[in-house]
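# Observations on chain architecture
Below are the chains, spelled out letter by letter.
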Amino acid sequence: MRKGLFTFLFLSLLALFLSTGCTEKKTDGVDSLNTDTLVTDSVDSISNVVESNPMPVAADELFDDFFFNFAGSKKVQLKRVAFPVKVTEFGKSSIIEKKNWRVEHFFMGQGYYTLIFDTKKQLNVMKDTTINDVTVEKISMSKGVVKQWHFVRNRGLWMLNDINTVLLKQHQDASFLTFYQRFVTDPKFQQNSLSESVTFTGPDPEDDFSTMTGEILPEQWPVFAPWLPSGSIYNIVYGKPQQTSSSNVRYFLLRGISNGLQTDLMFVRKGGAWKLKTITT
């Protein structure tokens, strides 16, 4: 692993604070999580630790290393935003000067984020040190809006290059995201959106160090159904987003920042309808 000592310290603290402010059973959506007083205090405490330590030079090698420092530090943000930064909201452009910048903690307050890929090859892209273009998205599905922070690595340094807000229906993956929102909020629709059998891989209850794989029938789904976020989610797109995708597969990865939450789902589109095919926890 290439994460430095500071990143390790930061994530350890994050796990400590978020363990009291965010649980896997929370179902009210991102907005309610962000307004939780305990979580807010935890984020402030983490930010104080980040602010008091310089960002390691090696953090720019991998976007994830850089971004955890960026999200936790106002000092880093003031240095790594290309001021005056261009902001486009629903087609109307403006700029934000450095003196008017407001710190953005992204998904620190909720303790998890998602990754959505349309090919299996993309599953290892987070470790690709040649990636120079990344977009962090806040997808507010309940509001039909997507806010995108576009980062570019120039001369070895990651910088926030521009910010864009668009309607969800204009997003390159609007079809799947619209499906996902209904999947996680409509139990009957979720039941009808399962393949004839769903392959499940998870911890073996009889062996803490092993996993087990089996088939779940639709009538067994309520027992195995994982918690999934609704309302709003944060997503990270590595590389330049495609304008459209003809792929009939979506890999939806839910990742806890350091709280052990990890769920992988694979959806397959058949006859124009998305169906859950596999799940790994």
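Bear in mind that the values here come from a model prediction, so they are computed numbers and not experimental data.

### Topic: the overall build of the protein
- Along the backbone of the protein there are eight helices and 12 strands.
- With 281 residues in all, the protein has 47% of them scored as buried.
- Looking at the protein alone, contacts between residues at least 24 apart form 61% of all its contacts between residues at least 6 apart.
- Accessible surface for the protein amounts to roughly 14,700 Å². Of this, 53% is attributable to carbon and sulfur atoms.

### Observations regarding the packing of aromatic side chains
- Scanning all chains against the criterion turns up 30 aromatic pairs.
- The interplanar angle of 25 degrees and the centroid separation of 6.5 Å between the aromatic rings of F66 and W158 together place this pair among those described as stacked. You can see F66 sitting in helix 4 (residues 63-72) and its partner W158 sitting in strand 6 (residues 157-167), a full 92 residues away along the chain. Comparing F66 with W158 shows no difference in burial state: the two are buried.

### Section: the pattern of salt bridges
- Throughout the structure, instances matching the rule amount to four salt bridges.
- Note that R182 and D186 form a salt bridge whose closest N and O atoms lie 3.6 Å from each other.
- One salt bridge in this structure joins R255 and D264, with 2.6 Å as the shortest N-O distance.
- We classify R255 as buried; its relative accessible area is 16%.

### Some details on the nonpolar core
- Judged by nonpolar contacts, the single largest core of 36 residues is most densely connected at F63, F67 and F151.
- Counting residues per element, this core draws most heavily on helix 4, at six residues.
- Excluding anything up to four places from it in sequence, F151 contacts F63, F66, F67, F70, N132, D133, V134, V136, W158, M159, L160 and N161.
- By size, the runner-up hydrophobic cluster in this structure holds 30 residues, among which are F176, Y180, L194 and V198.

### Remarks on the environment of W101
- Here W101 lies in the loop between strand 2 (92-96) and strand 3 (112-117).
- The contact partners of W101, leaving out residues within four places of it in the chain, are Q77, L78, V81, F83, V85, I96, L160 and I163.
- A polar contact of 3.0 Å, which involves the side chain of W101, links it to the side chain of Q77.

### Section: the side chain of Q190
- Examined against the element boundaries, Q190 turns out to sit in helix 7 (residues 187-192).
- Apart from the residues lying within four places of it in its own chain, the contact partners of Q190 are F183, V184, W221 and A225.

### A few points about the environment of L217
- Here L217 lies in the loop between strand 8 (207-216) and helix 8 (221-224).
- The exposure class of L217 is partly exposed, given its relative accessible area of 39%.
- Remark: the alpha-carbon pair of L217 and S197, spanning 20 residues in sequence, is separated by 5.0 Å.

### Concerning helix 4
- Where burial is concerned, most of helix 4 is hidden: 10 out of the 10 residues are buried.
- The set of residues buried in helix 4 consists of F63, D64, D65, F66, F67, F68, N69, F70, A71 and G72.

### Considerations on the pairing of strand 12 (residues 273-280)
- Relative to strand 12, strand 7 (residues 194-204) is paired through four bridges, and the arrangement is parallel. What sits directly across from T201, in strand 12, is T280.
- In sequence, strand 11 (residues 262-270) turns back onto strand 12 through a hairpin of two residues, with G271 there showing a positive phi of about 60 degrees.

Conventions we followed
Residues numbered from 1 in each chain as written. Predicted model: local features only at pLDDT ≥ 70, side-chain atom pairs only at ≥ 80, totals over all residues. Heavy atoms only, no water. Helix = DSSP H or I, 4+ residues; strand = E, 2+ residues; numbered from the N terminus. Buried < 20%, exposed > 50% of the residue type's maximum accessible area, 1.4 Å probe, protein only. Contact = heavy atoms within 4.5 Å. Areas by Shrake-Rupley, 256 points an atom, 1.4 Å probe, with all protein chains shown as cover. Phe/Tyr/Trp six-rings, centres within 6.5 Å; stacked < 30°, edge-to-face > 60°. Salt bridge = Lys/Arg side-chain N within 4 Å of Asp/Glu carboxyl O. Core = buried A, V, L, I, M, F, W, Y, C linked by side-chain atoms within 4.5 Å. Polar contact = N/O pair within 3.5 Å; in protein donor to acceptor, adjacent residues only side chain to side chain. Pairing = 2+ DSSP bridges.

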